[in-house]
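Structural description and commentary
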Amino acid sequence: MKIIKTSLLAFLFLLPLVLADLRVGFYNATCPQAESIIQQVVQKRFATDSSITGALLRMHFHDCFVRGCDASILIDSTPKKTSEKSAGPNLTVRGFELIDEAKKSLEAACPSTVSCADIITLATRDSVVLAGGPSYAAPTGRRDGLVSNPDDVNLPGPSFSVSQALQAFTAKGLTLNDMVTLLGAHTVGLVHCNFFEDRLSNFQGTGSPDPSMDPALVAKLKKLCAAGNNPTTFLDQNTSSTFDNQYYNQLLLKRGILQIDQELASDRSTTGIVSGFASNGVRFSQRFATAILKMGSLQNSSSSHLLLFIAPVFGLPSPPPATPSDDMDIKRTSTLSSTTLTSQPLPTVVWITEKSKKLAGFYPKSPLLVRAIPSTIFFDPSMIFQPLELFLLLVVLVRRNF
Ligand code: HEM
């Protein structure tokens, strides 16, 4: 009876707690310099390559829409197990080396403290400001994911209709207004010919280009793409490197590059939002800050290690440090750098979690850090571990007469 009561209490109180622990200044006590370290790395890069803003915005979007903002997009494929990186929509995601660089500096300053999911979020925020976009306080405290599966990458495509795209956004708890606002990120960044070439000739079997594209732009893009090698152009044909509302003005001039972009200007449900933003850049900027914060708070409710957040709430004692095992070396590499991660003492619940994973032959060095899934794992461990973790947590609570 007592166990049932406790289970009910735990479910009622812990679940919202688990999902709501992001807060501004999460690292104030544990790594006060975290945000400035990331900012410096972004500033240095932006000084020589302003296109990094587009790269980071897209990475943040592709990370948050797949299993929540958990940096699962950073996990490398191994010969035995492919990761999100190998999914079609992610093949042209750029900027991984910047995240590696920031992570390296952060590890030197505050080992095993700052999650890669927070690095992506903060670096994106800083790059938006540098491009002229809004400045906003970003809550942190995200945990890095354990699972990265290309089959989970189910992002909207460039030829989606507004209503099809909206389904993908509402599935994440985002509104139509959020969607039109977030697509405003296409005010910066690059697009490859293969994503819009179908609009340039024989559009939907008509034998002609997409009539919703300015013929002068059609001619320009045809010439560009004919050069071969899938070249790129700017998503915003006016102020391509500045984060402003010109993207919306371009849509009103039939100069959107992707079909989904252009449809925003003609679809009855979105045309008003587009003209509103086109005429009021300040409003767009403010709304963008709100919408990207909403996107940045997407979490995967089935993620097993969300229990990380609970231990400090209950003041549970610290367990012994986790002991890394070399045969399960957890490592993330990119073409430019390699970051091997270290372990640190874990809160009790995480320690229990880690024990349960070890029992099943799954033992990451530290739940705080990005890691590749050992090649022996071919399933989503959260499916099994979440109930197990909850059970172990309840045992701890009952034994403490909670
Ligand atoms: C219906 C939703 C969306 C679709 C179909 C879509 C599609 C695309 C496509 C096809 C590209 C070109 C990629 C390439 O050629 O490499 C692109 C680029 C980009 N997307 Fe989106 N996108 C969507 C929403 C978003 C959102 C919500 C954001 C951010 C908040 C975003 C940010 C960007 C940025 C900044 C780029 C430029 C990337 C670069 O410079 O490398 N997109 N998008």
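Residues numbered from 1 in each chain as written. Predicted model: local features only at pLDDT ≥ 70, side-chain atom pairs only at ≥ 80, totals over all residues. Heavy atoms only, no water.

On inspection of all chains with the given rule, the structure shows 11 aromatic pairs. With a centroid separation of 5.7 Å and 10 degrees between ring planes, the pair formed by Phe243 and Phe284 is classed as stacked. Remark: Phe284 occurs in helix 12 (residues 281–296) and Phe243 occurs in the loop between strand 2 (232–234) and helix 9 (246–252); sequence separation between them is 41 residues. A relative accessible area of 4% places Phe243 in the buried class. Residues Tyr248 and Phe284 carry aromatic rings whose centres are separated by 5.1 Å and whose planes lie at 70 degrees to one another, so their mutual orientation is edge-to-face. Of the two residues, Tyr248 sits in helix 9 while Phe284 sits in helix 12, which places them 36 residues apart along the sequence. Per residue, the accessibility class of Tyr248 equals that of Phe284, and both read buried. When the ring centre of Phe65 is taken as origin, the NZ or CZ atom of Lys172, which lies over that ring, is 5.9 Å away. (Phe/Tyr/Trp six-rings, centres within 6.5 Å; stacked < 30°, edge-to-face > 60°. Helix = DSSP H or I, 4+ residues; strand = E, 2+ residues; numbered from the N terminus. Buried < 20%, exposed > 50% of the residue type's maximum accessible area, 1.4 Å probe, protein only. Lys NZ or Arg CZ within 6 Å of the ring centre and 35° of its normal.)

Near the ligand, the surroundings consist of 25 residues, among which Thr92, Arg94, His186, Leu190 and His192 are the closest. Between the ligand and the protein, one listed contact pairs an oxygen atom with a side-chain N or O atom of Arg58 at 3.4 Å. The side chain of Arg94 places a nitrogen or oxygen atom 2.8 Å from an oxygen atom of the ligand. Among the detected pockets, the ligand sits in the largest pocket. Looking at which element gives the most residues to the shell around the ligand, the answer is helix 3 (residues 52–64), with 5 residues. Considered class by class, the residues forming the shell around the ligand number 17 nonpolar, 6 polar and 2 charged. Among the domains, domain 1 (2–152 + 301–399) and domain 2 (162–294) are the pair contributing at least three residues each to the shell around the ligand. (Near = heavy atom within 4 Å. Polar contact = N/O pair within 3.5 Å; in protein donor to acceptor, adjacent residues only side chain to side chain. 1 Å grid on protein atoms, 1.4 Å probe; cavity = no way out; pocket = protein on both sides within 12 Å on 5 of 7 lines; lining within 4 Å. Sits in = over half its atoms within 2 Å of the grid points. Nonpolar A, V, L, I, M, F, W, Y, C, P; charged D, E, K, R; others polar. Domains from an automatic or database assignment.)

Ideal geometry at a metal centre gives angles of 109.5 degrees when four donors are arranged tetrahedrally and 90 or 180 degrees when six donors are arranged octahedrally. Protein coordination of the iron atom of the ligand is limited to a single donor, His186 (NE2), which sits 2.1 Å from the metal. Take His186: it is sitting in the loop between helix 7 (176–183) and strand 1 (190–192). (Donors = N, O, S within 2.8 Å, 3.2 Å for Na, K, Ca; no water.)

On to the UniProt feature "binding site: Ca(2+) 1" (unreviewed entry) in the protein chain, then. UniProt's feature table lists "binding site: Ca(2+) 1" (unreviewed entry) at Asp63, Val66, Gly68, Asp70, Ser72 and Glu84, given in the numbering used throughout. The greatest C-alpha distance among the annotated residues, which extend across 22 residues, is 12.7 Å, indicating that they converge on a single site. Inspection of the secondary structure assignment puts Asp63 in helix 3. For Asp63, the contacting residues outside a window of four places in its chain are Gly68, Cys69, Asp70, Ala71, Ser72, Ile73 and Ile120. (UniProt positions renumbered as here; feature names shortened; annotations may be inferred. Contact = heavy atoms within 4.5 Å.)

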